[in-house]
Amino acid sequence: MSNKNRIDGQGLLTIFDEVNKNIKLNDEGKKSFKQLQDYITVLNDSSILAVTDGDGIIVDVNDTFCKISQYSRAELIGKNHRVLKSGYHGKAFYKDLWETIMKGLVWEGEIKNRRKDGTFYWVKTVIYPFLDSTGKPYKFITARTDITKGKKYEQRLRERMKNDFTHVVRNLHNLVFKVKKINDQFVFTLFDGQLVKVLGLNSKDIINKSIAEVFSIESTKTLEEQFRKAYYTGENISFEFMDNKEYYHVTLSPILKDGVVTSIVGSVSELTELKKSELKIAHMAYHNHITDLPNRMKLIENLKDEIEQTKRGKYNRLGVILIDLDRFKHINDTAGHLVGDAVIAEVGNRISNLPLADLVEEVDLYHLGGDEFVLMIKGYQLADVDKVISHLYTTLEKPFPYKDVDFYLTLSAGVGLFSPTDQLEAEEELLKQADLALLRAKDEGRNSCKIFSPQMNEDLIKKIEIESDIRKALERDEFVLYFQPQLSLESGRIIGVEALIRWIHPTKGLISPAEFIPVAEETGLIIPIGDWVLKKACAYVNEWRSLGVLNLKMSVNIATSHFKRRDFSENVVKILKSANINGSEIELEINESSLMENTADTTRTLQELRNHNVGISIDDFGTGYSSLGYLKTFPITTLKIDQSFIRDLMSNGEDRAIVTTIINLAKNLKLEVVAEGVETEEALNFLKGEKCDVMQGYYYSKPLPAEQFIEFIS
């Protein structure tokens, strides 16, 4: 594997010194940076640390690692850990190690390594995998502590046990002991080493005493369990235990005679500083650095346990509420990520302090990253779920002040619920249900919450099928254009036509645009579809011109995401030139709300189109933004009255007033006005009386295939 793109390791402290020199921080930032640097210093001094990528290639080591291995950092970076391989461990050992960490699980064990000079050393090793959003490990942090002395002492003890070398082990830095099983109790026959004094014990006082007479109740339980395991299996065992807030690592080696365990020798090493370092690393791996809340990896681990607990009846129900902050990216883009992080931290703080004790037995909050949170609720009544959601919305209604600015947020949420009788294929399925419900909430306009139903899963499958079919339809040319005439109310002549896409599926027949256009917009396929419609419409203009059909303006609908592309106007001009079409023969219908998101870019795009005489029509006018200032700002040529105002025109006085106002507004601004959705003669006569310029609708003609349209206008 090539290493040309890897960054040379600099060491954790070196990196922090370099960052400190090159990045200017405020007082609060310096304080946080200093605290983090202190944590790293503790890790660097107390542990043998290495960072590897997802392929096991070393990308960084600390000075302690270099010192014990005798390799320089330059000699280690870009290599894998085989450079330290001693040959002591078999293939099965490393196979188990890799299978464990590639599953995203933490691996612990003892490894014998080879130094550069060929000598050996032992390390107690903990490997922490860091997972990406797909659950695949992309990085590993390995923390080791040197246990070579303990291992050497164990070996020496086994070699000299026959001569009872208590006087030797008394000077060891760790604790060495020997136990025998007497009357079903493990009794110490040797208990020596300098660690005995650290524990506040006396070696002579321990001899012939049981574990319970020496250690606390909790430690006794752990030690007896491990001693019995070693005694009955005859296998070497390593484990950790805590006594009086201090951490210890224990190795047990059974002594066998004629295949029967007669006693057990072992050693104890003090691991408190290393354990604290491990706990800090574990905390970093399982918590979000902004909110200090448990992250996605911790959620997945806990979710499995909580589902099992619910199945056993600990809770009557389990729920996952997936929370997404609406348009949070806008805060990052406008105010910067430091402000965004401060707001996110406050969001986590507010949700953590929700008053839910009367509604839910237990609550856990997770921060998945970015603006996504998960609220896990355990033990509740279905009727109280809405109350929990209500508390969520209430706590976010208040502004988020940062210095002199108040930020306002809304949220979208999806809920997945589980009871003991439900069947789940995997624990992630509950989170998937919440995700599907969140997608539905966003699809319906955001700032809302949806609870998962099986129909959502069916809808998703259908959406995926539609997306796949759309891609095939573009390749197989299954789309066609229908055309609806536009009639001049003054002359009674057809002066234009709107191109409307239709999909003739080979097995499903005619598929409504209402069914596939939303999927195309969501997946980005609306861009190639929009280009296809524009090219096809231009081709028909040329074809009809050859048949003698002249002076028909072709109207084409443009989706919001298509219009917002920076190369949109340039692409339109290329299509027109390629088809040898004059811009005045084409009119683009753009949704009213599409124009308002970035007025500077919108003005530039519209002006470039008008420079080539392309007509600009505001589609569905009156249903979008209430501000009318853009009508004098943007180079618009036409207003198209939405059919919702035309449908009940003769029975609704308010609709008539709105239509009259729009027509008068267009006249005063010297814009053409088109009424769509005209279906009755009464509506037609009203529009004539109000001096509307153009109409289209089923009263005159429904959308027609190209051949029928030509026959119709002939």
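The structure under discussion appears in the preceding block.
All values derive from a computational prediction rather than experimental measurement.

Let's shift gears to the overall build of the protein chain. When its secondary structure is counted, the protein chain shows 27 helices and 27 strands. Rg of the C-alpha trace for the protein chain: 37 Å, well past the compact-globule value of 27 Å for 714 residues, more than 25% over. Across the 714 residues in the protein chain, those meeting the buried criterion constitute 47%. Of all intrachain contacts in the protein chain linking residues separated by at least 6 positions in sequence, the fraction that spans at least 24 positions is 58%. Carbon and sulfur atoms form 48% of the exposed surface of the protein chain, whose accessible area is close to 37100 Å². Within the protein chain, one finds 92 positive and 105 negative side-chain charges whose respective centroids are separated by 8 Å.

Spatial strand order, β7-β6-β10-β9-β8: five strands in an open sheet with antiparallel pairing. The open sheet is flanked by β7 (185–192) and β8 (237–243), the only strands paired with a single partner. Neighbour-to-neighbour, the strand axes of this sheet turn through a mean angle of 30°, independent of strand direction. As paired elements, strand β6 (residues 175–182) and strand β10 (residues 260–270) share five bridges and run antiparallel to each other. Paired with F177 across the bridge in β10 is G266. Across the sheet, helix α11 (residues 272–286) is in contact with β8, β9 (246–257) and β10; its angle to β9 comes to roughly 115°.

Bringing the pattern of salt bridges into the picture now. Scanning all chains against the criterion turns up 35 salt bridges. For D63, the salt bridge goes to R73, with nearest N and O atoms at 2.9 Å. Note that D63 is positioned in helix α3 (residues 63–69) and R73 in helix α4 (residues 73–76), a separation of 10 residues in sequence. Accessibility expressed as a relative area gives 17% for R73, which makes it buried. Beyond isolated ion pairs, a larger network of salt bridges with shared partners links E306, E362, D364 and K378.

The next subject is the packing of aromatic side chains. According to the stated counting rule, one finds 23 aromatic pairs in the structure shown. Between the aromatic rings of F188 and F191, the centroid separation amounts to 5.0 Å while the plane-to-plane angle is 75°, which identifies the pairing as edge-to-face. A residue is classified by how much of its surface remains accessible, and F188, at 2% relative accessible area, is buried. By relative accessible area, F191 is classed as buried at 1%. An aromatic cluster is present here, built from F177, F186, F188, F191, F227, Y231 and Y232 joined pairwise through their rings. Geometry around Y286 places K298 over its ring, the cationic atom sitting 5.1 Å from the centre. In this structure, R350 packs its charged tip against the face of F400, placed 3.8 Å from the ring centre.

Further remarks concern helix α27 (residues 706–713). Taken together, the buried positions of α27 are A706, F709 and I710. All buried residues of α27 project into a common sector of 100° when viewed along the axis, lining one side. Turned more than 90 degrees away from the buried face of α27, the exposed residues are E707 and E711. Of the surrounding secondary structure, the elements contacted by the buried residues of α27 are β18 (479–488), β19 (494–505), α19 (526–546) and β27 (704–705).

Within a regular strand, side chains alternate between the sheet's two faces. Of all eight residues in strand β3 (residues 107–114), six are buried; the element is thus mostly enclosed. As paired strands, β3 and strand β4 (residues 120–131) are joined by eight bridges and run antiparallel to one another. Bridging from a neighbouring strand, E108 pairs with V126 of β4. Count of turn residues in the β3/β4 antiparallel hairpin: five residues, of which G118 carries a positive phi of about 95°.

Calculation criteria
- Here the residue numbers are simple positions, counted from 1 along each chain's written sequence.
- Since the coordinates come from a predicted model, pLDDT governs what is reported: local features require at least 70, and pairs of side-chain atoms require 80 or more to be given and counted, while whole-chain, interface and lining totals use all residues.
- For side-chain calculations, the full set of non-hydrogen atoms in the structure is used, while hydrogens and water are omitted.
- We count a stretch as a helix when DSSP gives it H or I for four or more residues in a row; a strand needs E for two or more, and each element gets its number in order from the N terminus.
- In this treatment the radius of gyration is a C-alpha quantity, and the globule benchmark scales as 2.2 Å times the residue count to the 0.38 power.
- Only protein chains enter the accessibility calculation, which uses a 1.4 Å probe; a residue whose area is less than 20% of its type maximum is buried, one above 50% is exposed, and one in between is partly exposed.
- Only heavy atoms matter for contacts: two residues are in contact if any of them lie within 4.5 Å across the pair.
- To be clear on the numbers: accessible area is Shrake-Rupley with a 1.4 Å probe, and residue cover counts the displayed protein chains and nothing else.
- Working convention for charge: Lys and Arg count positive, Asp and Glu count negative, and His plus the chain ends are omitted.
- The atom standing in for a charge is NZ when the residue is Lys, CZ when it is Arg, CG when it is Asp and CD when it is Glu.
- Here a strand pair is declared whenever DSSP counts at least two bridges between the two strands.
- For every element, the axis is a line fit to its C-alpha atoms; helices are fit only across the contacting stretch, and the angle between N-to-C directions ranges from 0 to 180 degrees.
- When a carboxyl oxygen of Asp or Glu is within 4 Å of a side-chain nitrogen of Lys or Arg, the pair counts as a salt bridge.
- Any two rings among Phe, Tyr and Trp, with Trp reduced to its six-membered ring, count as a pair given centres within 6.5 Å; such a pair is stacked if its planes are under 30 degrees apart, edge-to-face if over 60, and tilted if neither.
- Think of it as a cone above the ring: NZ of Lys or CZ of Arg counts as a charge over the ring if it is within 6 Å of the ring centre and within 35 degrees of the ring normal.
- In this description, the arc belongs to the directions extending from the helix axis to the C-beta atoms.

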